Amino acid sequence: MKIIFKYFSESVVEHVFVRAGHIGIKCSLPEEYNDPFELFLGIDLDQGSELLATYSDVVHEIPSQLTTCFSKSPVVSPMWAHYGNNHKGFVVGFDVSHLEKLFPELLIRDISYLDRPSEALVSFAEMAAHRKKPRDAMALRRAVLYHGYFSKYSEWSYEQEVRAVNLEDYVEDVSGSKILYIPIQCVAAIISGARSSVQTKDFLQKAAYELDADFYIENIGRSYPTPYLLNDIGKPNVFSDGEIARPVGVCGECSEPLRAEGDLCPWCSIDQTHRATAAANNPFRILDHFGLLEQYIEKYPNGPRKPYK
């Protein structure tokens with residue numbers, strides 16, 4: 001099962017679940033998005049004025065279509081910070097196969113992250129300029145349209161974005177907003193943020209039960225490199241290879257997921273002998289023993305009261 005994930009702010013929780021048996025998500029036009037270069041990645045401009053003129057005249061302007069965005073992962077910390085209300089919000093996971101079945105005209109594709117415009121568009125533009133055939137001009141427009149909606153600059157790659165386009169036939173106008181109501185069978189998981197309020201967690205758990213979806217609570221640990229997910233009985237799960245799954249092991253002390261087989265996480269594996277040895281060899285403790293620590297810190301370049309140069 002391929003699952004894609006939508007991040008939400010805590011403030012919209014009741015709007016998202018306002019219709020029984022559905023998840024409501026807002027769809028927007030690209031000019032409303034936070035990337036000022038949406039639809040900007042077109043042809044490489046170093047092609048000469050003649051070819052660029054053909055490109056401009058044929059393409060003219062990329063149509064603005066309703067779009068909504070997802071991520072391939074529910075554990076991207078910047079996504080939780082930017083779109084999940086700094087871990088106070090929530091994430092909903094959708095089964096792609098069910099989405100495509102219920103919304104057959106919907107185009108769902110992964111975003112390609114690029115450092116520069118695609119060279120493929122140059123070939124389409126050259127064909128249109130040299131052969132002057134309508135089908136070549138149409139091929140150029142279609143290629144630019146697809147490239148514009150499904151590619152972004154590589155600096156956005158942390159989002160692991162998946163985009164859905166061609167929503168006009170499926171959305172409803174709700175007080176001026178275009179809302180897509182996704183039925184229960186498409187909902188695979190609901191994840192409450194690590195900093196969600198008790199009321200939000202309870203609301204989401206109840207919603208997951210009613211939608212027959214898995215429920216998780218995001219957790220931020222000390223040793224696991226990304227957020228992990230606690231299921232409804234408190235067992236840790238991790239997101240790996242596109243799936244929410246049990247980890248290879250769990251720490252016997254703190255119950256955090258392990259990155260490799262073993263009994264303890266790196267922090268819990270520190271015993272009293274390790275601590276005693278580290279304390280005995282800590283030069284700060286030695287200086288402090290002789291009453292020299294504060295003096296040393298004050299005189300050290302860029303000390304605690306001196307700004308970095």
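Residues numbered from 1 in each chain as written. Predicted model: local features only at pLDDT ≥ 70, side-chain atom pairs only at ≥ 80, totals over all residues. Heavy atoms only, no water.

**Concerning the pairing of strand β8 (residues 161-165)**
β8 sits mainly inside the fold: 5 of its 5 residues count as buried. Burial of β8 is two-sided: the residues E161, R163 and V165 facing one way and the residues V162 and A164 facing the other way are all buried. As judged from the 5 bridges shared by strand β3 (residues 67-71) and β8, these two strands associate in the antiparallel manner. Along β8, the bridge assignment pairs F70 with V162. (Buried < 20%, exposed > 50% of the residue type's maximum accessible area, 1.4 Å probe, protein only. Helix = DSSP H or I, 4+ residues; strand = E, 2+ residues; numbered from the N terminus. Pairing = 2+ DSSP bridges.)

**Brief notes about the sheet that holds strand β2 (residues 22-27)**
The 3 strands lie next to each other as β2-β10-β9, forming an open sheet whose pairing is antiparallel. Two strands in the sheet have a free side with no partner beyond their single neighbour: β2 and β9 (172-174). Along the sheet, successive strands turn relative to each other by an average axial angle of 45°, direction set aside. (Axes fitted to C-alpha atoms, helices over the stretch in contact; angles between N-to-C directions.)

**A word on the packing of aromatic side chains**
All chains considered together, the criterion is met by 10 aromatic pairs. For the pair F5 and F239, a centre-to-centre distance of 5.5 Å together with 85° between the ring planes defines the contact as edge-to-face. Here F5 is found in strand β1 (residues 3-8), whereas its partner F239 is found in strand β14 (residues 236-240), with 234 residues between them in sequence. Here F5 matches F239 in class, with each residue buried. With a centroid separation of 6.5 Å and 85° between ring planes, the pair formed by Y224 and Y228 is classed as edge-to-face. Overall, the relative accessible area of 4% leaves Y228 in the buried class. Here the aromatic residues F8, F17, F90 and F203 are joined through ring pairs into a cluster of three or more. The ring of W156 has K152 sitting right over it, with the charged end atom 4.6 Å from the ring centre. (Phe/Tyr/Trp six-rings, centres within 6.5 Å; stacked < 30°, edge-to-face > 60°. Lys NZ or Arg CZ within 6 Å of the ring centre and 35° of its normal.)

**A short note on the environment of L99**
Within the element layout of this structure, L99 appears in helix α4 (residues 96-102). Residue class for L99 comes out buried when judged on its relative accessible area of 2%. Sequence-wise, L99 and C186 are 87 residues apart; in three dimensions their C-alpha atoms are separated by 6.0 Å. Not counting chain neighbours up to four residues away, the residues in contact with L99 comprise I4, F94, I108, I182 and C186. (Contact = heavy atoms within 4.5 Å.)

**Observations concerning the side chain of S196**
Relative to the helices and strands, S196 is located in the loop between β11 (187-192) and α7 (198-211). Within polar-contact distance, the side chain of S196 engages the side chain of S192 at 3.2 Å. Leaving out residues up to four positions away in the same chain, S196 has contacts with E10, H87, K88, G89 and K201. (Polar contact = N/O pair within 3.5 Å; in protein donor to acceptor, adjacent residues only side chain to side chain.)

**Section: the pattern of salt bridges**
The full count for this structure, using the stated rule, is 7 salt bridges. With its nearest N and O atoms 3.0 Å apart, the salt bridge here joins R19 to E172. Pair noted here: R19 is in the loop between α1 (13-16) and β2 and E172 is in strand β9, with a separation of 153 residues, a long-range link. Residue class for R19 comes out partly exposed when judged on its relative accessible area of 32%. Residue K72 is joined to D110 by a salt bridge in which the shortest nitrogen-to-oxygen separation is 3.6 Å. Of the two residues, K72 is situated in the loop between β3 and α3 (77-82) and D110 in strand β5 (residues 107-110); the sequence distance between them amounts to 38 residues. (Salt bridge = Lys/Arg side-chain N within 4 Å of Asp/Glu carboxyl O.)

**Some remarks on the pairing of strand β4 (residues 90-95)**
Each regular strand shows side chains that alternate between the opposite faces of the sheet. Where burial is concerned, most of β4 is hidden: 6 out of the 6 residues are buried. Taking every second residue as pointing to the same face, both faces of β4 are buried, with F90, V92 and F94 on one and V91, G93 and D95 on the other. Pairing analysis gives 6 bridges linking β1 to β4, with the strands arranged antiparallel. By the bridge assignment, I3 is partnered in β4 with D95. Strand direction decides the pairing type here: β4 and β11, joined by 5 bridges, are antiparallel.

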